[in-house]
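# A look at the structure
Here is how the chains run, residue by residue.
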Amino acid sequence: MHRTPLVPRRVGTAVPPVRAAFVVLLLAVVVVAGARLVLAAGGMQVMGMAEYSTLIPIVGAALLPLRLTLILGLTNLVVGIVAYGILLPSMSHASRITVITALAASILVSLAVCRTRIAMERRLKGLMVARDRLTLLSEASTRVGGTLDVARTAEELAEVAVRRFADHAAVDLFDPVLKGEEPAPGPHAGPVTLRRAARRSVPAALAAASPDGGTVTYCRGSMPALSLLRGVPVHGQFPDGADGEECWPADPDGTGTKAPHSALAVPLRARGVTLGAALFTRSRHRDPFDAADVLLAQEIAARAAVCVDNARRYTHERATSVALQRSLLPQVVPPQPAVQAVARYLPADVGVGVGGDWYDVIPLSGARVALVVGDVVGHGIRASAAMGRLRAAVRTLADIDLPPDELLTHLDDIVIRLQSETCPTPTGGAEDAAEADVGEFVATCLYMVYDPISQRCTAARAGHPPPAAVHPGTRARFLDVPAGPPLGVGGLPFETAEMHLPEGSLLALYTDGLVEAPRYCLDERLERLLEALSEPKPTLQDTCDHVLDRLVVDRTRDDIALVIARTQALDDRHTVAWELLDNLAEVARARDLASLQLAHWGLPEAAFLAELVVSELVTNAIRYGGSPVQLRLIRHDTLICEVSDGAHTAPHLRRARTFDEGGRGLFIVAQLAERWGTRQQSDGKTIWAELALPPATVPTPAPALATL
């Protein structure tokens, strides 16, 4: 512990001679007057009055300090000597000795009584001070660290210290600590720059004069800088007329205040890392800090430092979870021929942690689109990581064009396997069992596929809230999608619902954090959602914001994911289909039909590639598939060529050798197309290929509509 050098305080000055003579004369007058008063009050009953005179110093000892008790006793003795020894000549010599001896004994008794009383008062005061310090320490343990917010924890420390411990308290932290990062390792030599996290003063108006959040720089040799450098508390007292700038900043807060009467700087250290410093000052009407105060401040600061470090670690973990989740979620929703979509994701507040909500808009073959929302039970990095795995699985299953019910069935199997991976082994230790999320890896999901050509939508859900839809000119309603079990339960089937969605219909997919709130009935919240969706807004962004404004009342419980999409339709101007005979002669006819249609659409530059792709796909369908054979062209931002046949055998890409006569058809298609694939249907399969259009013929894409 370090104590700064102090300038000696001027204790007092010499008493002038005139004042000393006046005091002596006054005491003489008091003695004579007191003696006369004693004789007059005693009625010449000398021995009786002497007995009462012995009580004067003893009674005074119970009320006065030791010095005043001694003065009172000596004065009483002098009065007795004057009264009984001089003013009463008729009094016997033995009586005089008895009286004076009694008065002298009363002085000794009064001094003993006074010392005993003072010792008891000091002991009682010490007990009261110890009780107050224990109360303050208990209050600090209870109030500091009630939240996992670094700034709020610093404010709680300052609030606890003011009034009962100090007149002014400030908490300064290194800037990385407020961001959830670990500060640079020490030693912190030279000028130290901290950020003012909290400050409180008496009166409160002084604290309001300087807002928190500003930076404070402590020069080399100042008390805060020394405490940070040495890692121990530093305290000192500033004498009158000293500015103390060498030990304490003259105006650290910009309030115009001078150096304090007594100051104490305590470093905030937790787990071997210095996070900042707590500064306490007292004004001149209070006793300066002593060694016991330093120990108390050190104990409070140590507990507060652990709370600050816990909040810093949580802030870092939450920032990591948010960054992980945002990296796993789609940053933008690209333009789709089937829908226009916007999305919002709102993470929960600091006290809960990031959850496992996710959404996705997945382009499918045939200009279709898949809309997905899901929620993994739990919060934190585990939930975010699980969400990323499920989202990747959904995208993989969507690429093979599985129906919604089959996709959820496969996804359910994936969740069950992930549960088994997180379960502890029978030989695992207690730590492995404690860290494993046994039985907690459960998720919900809603999967919808919309076809802009047929304007049909198929959907299935696994324990997820139902989607809402608004048809043009009607009120919002919930779609009747059968409620399946949550993912991870296993053994129960999922059902698919199919419905017609006219062009311009509004779809709303959301997670339970939007409609579930404490102290509110779920039915009322769902009805409010329908009311918000039924109110027309100029854009999808406005609709999305309006829904969130109407329903979000508490973000401390769960994340919120919301996707709103407006359906579009591709009519005869964008699509055309032909039925072909099961004859290889139809290949030439298919090429001619495709070339003429592209010329009609104003895309003659794409005819050459389209003819090659159509020729290979139709040849494979007629040769290996069988009737019925259909050719369909879809034009939007790209050109999609689809050939359907009656076989369920999926083709596979081969690499033909130099002298092979076949096996190059799909290889040529894969080289010419941007994307290609197959999808199974009830009456066969469809092979599709997506071709890029020449830049001059491609319309300017709309800006991305999704925002996070």
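Predicted model, so just to flag it, every value in this text is computed and none were measured.

## Quick notes on the overall build of the chain
When you go through the chain residue by residue, the secondary structure sums to 19 helices and 23 strands. Buried positions account for 45% of the 708 residues belonging to the chain. Across the chain, contacts joining residues at least 24 apart in sequence account for 70% of those joining residues at least 6 apart. Carbon and sulfur atoms make up 58% of the accessible area of the chain, which totals about 34,800 Å².

## Structural notes on the sheet that holds strand E13 (residues 468-470)
In spatial order, the strands read E8-E18-E17-E13-E14; together these five strands make up an open sheet with antiparallel pairing. Two strands bound the open sheet, and with one partner strand each, they are strand E8 (339-346) and strand E14 (477-478). The pairing of strand E17 (residues 506-510) with strand E18 (residues 560-567) spans five bridges and is classified as antiparallel. Bridging across to E18, Tyr510 finds its partner in Leu562. Lying on the sheet, helix H16 (residues 540-551) is in contact with E8, E17 and E18; it crosses E8 at an angle near 35 degrees.

## What to know about the pairing of strand E21 (residues 638-645)
Consecutive residues of a regular strand have side chains that alternate between opposite faces of the sheet. Counting buried residues along E21, seven of its eight residues qualify, which places the element largely inside the surrounding structure. Both strand E20 (residues 629-635) and E21 contribute to a ladder of six bridges, which runs antiparallel. Considered in E21, the bridge of Leu633 is made with Cys641. In this structure, the hairpin formed by E20 and E21 is closed by a connection of two residues. Across eight bridges, the pairing between E21 and strand E23 (residues 684-692) is antiparallel. Looking across to E23, one finds that Glu642 is bridged to Trp688.

## Looking at the sheet that holds E23
Here five strands make up an open sheet; going across it, the order is E19-E20-E21-E23-E22 and the pairing antiparallel. The sheet terminates laterally at strand E19 (575-580) and strand E22 (675-681), the two strands that pair on one side only. Mean inter-strand twist for the sheet, computed between neighbouring axes without regard to direction, equals 15 degrees. Against the sheet, helix H18 (residues 607-625) engages E19, E20, E21 and E23, with an angle of about 15 degrees to E21.

## Focus: the side chain of Asp375
You can see Asp375 is positioned in strand E10 (residues 369-379). Here Asp375 falls in the buried class, since its relative accessible area comes to 8%. Non-local contacts of Asp375, meaning those with residues more than four positions away in its chain, are made with Gly356, Asp357, Trp358, Val442, Ala443, Thr444, His464, Thr511, Asp512 and Asp558.

## A closer look at the environment of Thr496
By the element assignment, Thr496 lies in the loop between strand E15 (483-484) and strand E16 (497-500). In this structure, the C-alpha to C-alpha distance between Thr496 and Pro404, residues 92 residues apart in sequence, is 6.5 Å. Beyond its immediate chain neighbours, meaning those up to four positions away, Thr496 contacts Pro404, Asp405, Thr458, Ala459 and Ala460. Here Asp405 takes part through its backbone nitrogen, which lies 3.3 Å from a polar atom of the side chain of Thr496.

## Let's talk about the packing of aromatic side chains
One pass over the full model with this rule turns up two aromatic pairs. A ring pair is formed by Phe165 and Phe280, whose centres lie 5.4 Å apart and whose planes are at 90 degrees; its orientation type is edge-to-face. Taken together, the residues Phe165 in the loop between helix H6 (150-161) and strand E2 (168-173) and Phe280 in strand E7 (residues 273-282) connect sequence positions 115 residues apart. Of the two residues, Phe165 and Phe280, neither departs from the other in class, the shared state being buried. Judged by centre distance (5.4 Å) and plane angle (40 degrees), the rings of Phe165 and Phe289 are tilted. One end of the pair, Phe165, is in the loop between H6 and E2; the other, Phe289, is in the loop between E7 and helix H10 (291-328), and 124 residues separate them in sequence. Taken individually, Phe165 and Phe289 each receive the classification buried, so the pair is uniform in this respect. The ring of Phe165 has Arg282 lying over it, and the distance from NZ or CZ to the ring centre is 5.3 Å. Its end group placed over the ring of Tyr520, Arg525 keeps NZ or CZ at 5.7 Å from the ring centre.

## Side note on the packing of helix H17 (residues 586-600) against H18
Two elements in contact, H17 and H18, have axes separated by 9 Å at closest approach and are oriented at 145 degrees. Where H17 crosses over H18, the handedness of that crossing is right-handed. Every residue of H18 that contacts H17 at Glu586, Val587, Ala590, Arg591, Ala594, Ser595 and Leu598 is listed here: Ala607, Ala610, Glu611, Val614, Ser615, Val618, Thr619 and Ile622. Residues belonging to the contact of H17 with H18 are distributed by class as follows: nine nonpolar, three polar and three charged.

## Topic: the confidence of the model for the chain
Of all residues in the chain, 78% have pLDDT values of 70 or greater, and the mean over the chain is 79. Within the model, the stretch residues 426-439 combines pLDDT values under 50 with nine contacts to residues more than four positions away or in other chains. Ignoring residues within four places in sequence, the model shows residues 699-708, a span with pLDDT below 50, making 22 contacts including any to other chains.

## Here we look at the packing of helix H5 (residues 93-143) against H10
Close contact between H5 and H10 brings their axes to 10 Å; oriented N to C, the two are set at 15 degrees. Between H5 and H10, the interaxial angle falls into the category roughly parallel. Considering only the axes of H5 and H10, their crossing is right-handed. Counting all contacts with H5, which are made through Arg133, Leu136, Leu137, Ala140 and Ser141, the residues of H10 involved are Ala292, Asp293, Leu296, Glu299, Ile300 and Arg303. Classifying every residue of the contact of H5 with H10 by side-chain character gives six nonpolar, one polar and four charged.

## Considering the nonpolar core
With 57 residues, the main nonpolar core has Trp358, Leu390, Leu408, Leu411 and Tyr447 as its most contacted residues. Apart from residues lying up to four places away in sequence, Leu390 is in contact with Trp358, Val376, Leu411, Val415, Leu418, Phe441 and Ala443. Counting 52 residues, the second-largest nonpolar core is a separate cluster that includes Ala166, Val171, Ala225 and Leu228.

## Quick word on the pattern of salt bridges
Within this structure, the stated rule accounts for 30 salt bridges. Between Arg164 and Glu139 there is a salt bridge whose closest N-O contact spans 2.7 Å. One end of the pair, Arg164, is in the loop between H6 and E2; the other, Glu139, is in helix H5, with 25 residues separating them in the sequence. A salt bridge links Arg282 to Asp293; the nearest nitrogen and oxygen atoms lie 3.2 Å apart. Of the two residues, Arg282 is situated in strand E7 and Asp293 in helix H10; the sequence distance between them amounts to eleven residues. Taken individually, Arg282 and Asp293 each receive the classification buried, so the pair is uniform in this respect. Through salt bridges with shared partners, a single ionic network connects Glu139, Arg143, Arg152, Glu155, Glu156, Glu159, Arg164 and Arg200.

Cut-offs applied
Residues numbered from 1 in each chain as written. Predicted model: local features only at pLDDT ≥ 70, side-chain atom pairs only at ≥ 80, totals over all residues. Heavy atoms only, no water. Helix = DSSP H or I, 4+ residues; strand = E, 2+ residues; numbered from the N terminus. Buried < 20%, exposed > 50% of the residue type's maximum accessible area, 1.4 Å probe, protein only. Contact = heavy atoms within 4.5 Å. Areas by Shrake-Rupley, 256 points an atom, 1.4 Å probe, with all protein chains shown as cover. Pairing = 2+ DSSP bridges. Axes fitted to C-alpha atoms, helices over the stretch in contact; angles between N-to-C directions. Polar contact = N/O pair within 3.5 Å; in protein donor to acceptor, adjacent residues only side chain to side chain. Phe/Tyr/Trp six-rings, centres within 6.5 Å; stacked < 30°, edge-to-face > 60°. Lys NZ or Arg CZ within 6 Å of the ring centre and 35° of its normal. Left-handed = near helix turned anticlockwise from the far one by under 90°. Nonpolar A, V, L, I, M, F, W, Y, C, P; charged D, E, K, R; others polar. pLDDT = per-residue confidence, 0-100. Parallel < 35°, antiparallel > 145°, perpendicular 65-115°, else oblique. Core = buried A, V, L, I, M, F, W, Y, C linked by side-chain atoms within 4.5 Å. Salt bridge = Lys/Arg side-chain N within 4 Å of Asp/Glu carboxyl O.

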